[in-house]
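Spelled out, the chains give:
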Amino acid sequence: MKILIVYSSLTGNTRKVAEAIHEQLGQEAELFSVEQAPQAEGYNLVALGFWVDRGTADKKAQDYLTGLRNQNVALFATLGAYPDSEHAAKSMANAAALLDGSNTLAGSFICQGKVNPKLIEQFKNLPEDHPHGMNAERRARHLEAAKHPDAADLAKAQAVFGEIKLKLQGPAL
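The shown structure was predicted, so the numbers you read here are calculated from the model rather than taken from an experiment. (Residues numbered from 1 in each chain as written. Predicted model: local features only at pLDDT ≥ 70, side-chain atom pairs only at ≥ 80, totals over all residues. Heavy atoms only, no water.)

Time to look at the overall build of the protein. Within the protein, the secondary structure is distributed over six helices and six strands. Overall, the protein shows an N-to-C arrangement of helices and strands of β-α-β-β-β-α-β-α-β-α-α-α. Relative to the 2.2 N^0.38 estimate, which gives 16 Å for 173 residues, the radius of gyration of the protein is 16 Å and therefore close to what a compact globule would have. Seen through its principal axes, the protein has C-alpha atoms that stretch 60 × 30 × 25 Å. Considering only contacts in the protein between residues 6 or more positions apart, those separated by 24 or more positions represent 78%. On the protein, roughly 9,100 Å² of surface is accessible, and the fraction owed to carbon and sulfur atoms is 52%. Side chains of the protein carry 18 positive and 20 negative charges; the gap between the two charge centres is 3 Å. (Helix = DSSP H or I, 4+ residues; strand = E, 2+ residues; numbered from the N terminus. Rg over C-alpha atoms; globule rule 2.2 N^0.38 Å. Contact = heavy atoms within 4.5 Å. Areas by Shrake-Rupley, 256 points an atom, 1.4 Å probe, with all protein chains shown as cover. Lys, Arg positive; Asp, Glu negative; His and termini not counted. Charge placed at Lys NZ, Arg CZ, Asp CG, Glu CD.)

In structure tokens form, the structure reads like this:
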């Protein structure tokens, strides 16, 4: 099985997840940043990672994602919000909706990641009642997000992508 892992990373979070997935998938997998990624033809699985920007994949990941045709695609992402939040679920659904209908979504994984410090500074200038304004809950979430992706997140990503690979390989003979 030939696997292409492509990631877009702003703060290093998504790169860490991509590297953990690459470690799990072994020699059959090739790892590239989105800027260096080859065309996907000839691969059995494309694992595409992104950081969540405005409720979907970031622009670089979107550009790569929308160009995929006739592929098995698995998505992985990092975001500052909690991974079990409605925002996380909607963000992954929005990214998956960008896939051309000729592709098959083979699975997905999302985890929390530290928020870009520049963005946090911008949030501090917004009123507290603004959807992104800095308040006690948001400060607590940013502090928690700064601890991620952690070893448990990376192990979970590896498990998810190990299962995706097994599912695509089919039953052993």
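Let us now look at the packing of aromatic side chains. This model, assessed by the stated rule, comprises one aromatic pair. Look at Phe76 and Phe161: their rings are 5.7 Å apart centre to centre, the planes differ by 90 degrees, and that puts the pair in the edge-to-face class. Of this pair, Phe76 sits in strand S5 (residues 72-79) while Phe161 sits in helix H6 (residues 151-169), and the two are 85 residues apart along the sequence. For Phe161, a relative accessible area of 0% gives the class buried. A cation over a ring is seen here: Lys2 above Tyr43, with NZ or CZ 4.7 Å from the ring centre. (Phe/Tyr/Trp six-rings, centres within 6.5 Å; stacked < 30°, edge-to-face > 60°. Buried < 20%, exposed > 50% of the residue type's maximum accessible area, 1.4 Å probe, protein only. Lys NZ or Arg CZ within 6 Å of the ring centre and 35° of its normal.)

Attention now goes to the pairing of strand S6 (residues 104-112). Note that S5 and S6 share eight bridges and pair parallel. In the sheet register, Phe76 faces S6, and the bridge partner there is Phe109. Of the crossover connections in this fold, the one passing from S5 over helix H3 (residues 86-97) to the parallel S6 is right-handed. (Pairing = 2+ DSSP bridges. Right-handed = clockwise from strand over helix to strand, strands pointing away.)

Our next topic: the pairing of strand S1 (residues 3-7). Of all five residues making up S1, five are buried, and the element is well covered by its neighbours. A two-sided burial pattern is seen for S1, the buried positions comprising Ile3, Ile5 and Tyr7 on one face and Leu4 and Val6 on the other. In terms of strand pairing, S1 meets strand S2 (residues 29-33) through five bridges, oriented parallel. By the bridge assignment, Ile3 is partnered in S2 with Ala29. As a crossover connection, the stretch from S1 through helix H1 (residues 13-25) into S2 is right-handed. By the bridge criterion, five bridges tie S1 to strand S3 (residues 45-53) in an arrangement that is parallel. From the neighbouring strand, Leu4 faces S3, where its bridge partner is Val46.

A separate point is helix H5 (residues 136-145). Of all the residues in H5, the buried ones are Arg138, Arg141, His142 and Ala145. Summarising the axial view, the buried residues of H5 lie within an arc of 100 degrees, below the 170-degree limit, and thus occupy one face. Opposite the buried face of H5, at more than 90 degrees from it, the exposed residues are Ala136 and Leu143. One side-chain oxygen at the N-terminal end of H5 lies 3.2 Å from the backbone nitrogen of Glu137; it belongs to Asn135. (Arc of directions from axis to C-beta. Polar contact = N/O pair within 3.5 Å; in protein donor to acceptor, adjacent residues only side chain to side chain.)

Take the nonpolar core next. Core analysis: the biggest nonpolar cluster contains 26 residues, and Phe50, Tyr64 and Leu75 have the highest contact counts within it. Breaking this core down by element, the ones donating at least two residues are S1, S3, helix H2 (59-65), S5 and H3. Not counting residues up to four positions away in its chain, the partners in contact with Phe50 are Ser8, Thr14, Thr56, Ala57, Asp58, Ala61, Leu75, Phe76, Ala77, Thr78, Met92 and Ala95. Counting 18 residues, the second-largest nonpolar core is a separate cluster that includes Ile3, Ala29, Ala47 and Ala74. (Core = buried A, V, L, I, M, F, W, Y, C linked by side-chain atoms within 4.5 Å.)

The next point concerns the pattern of salt bridges. Tallied over the entire structure, the rule returns nine salt bridges. Across the pair Arg15 and Glu19 runs a salt bridge whose closest N-O atoms are separated by 3.3 Å. Here Arg15 and its partner Glu19 are both found in helix H1, four residues apart, which amounts to about one turn of the helix. (Salt bridge = Lys/Arg side-chain N within 4 Å of Asp/Glu carboxyl O.)

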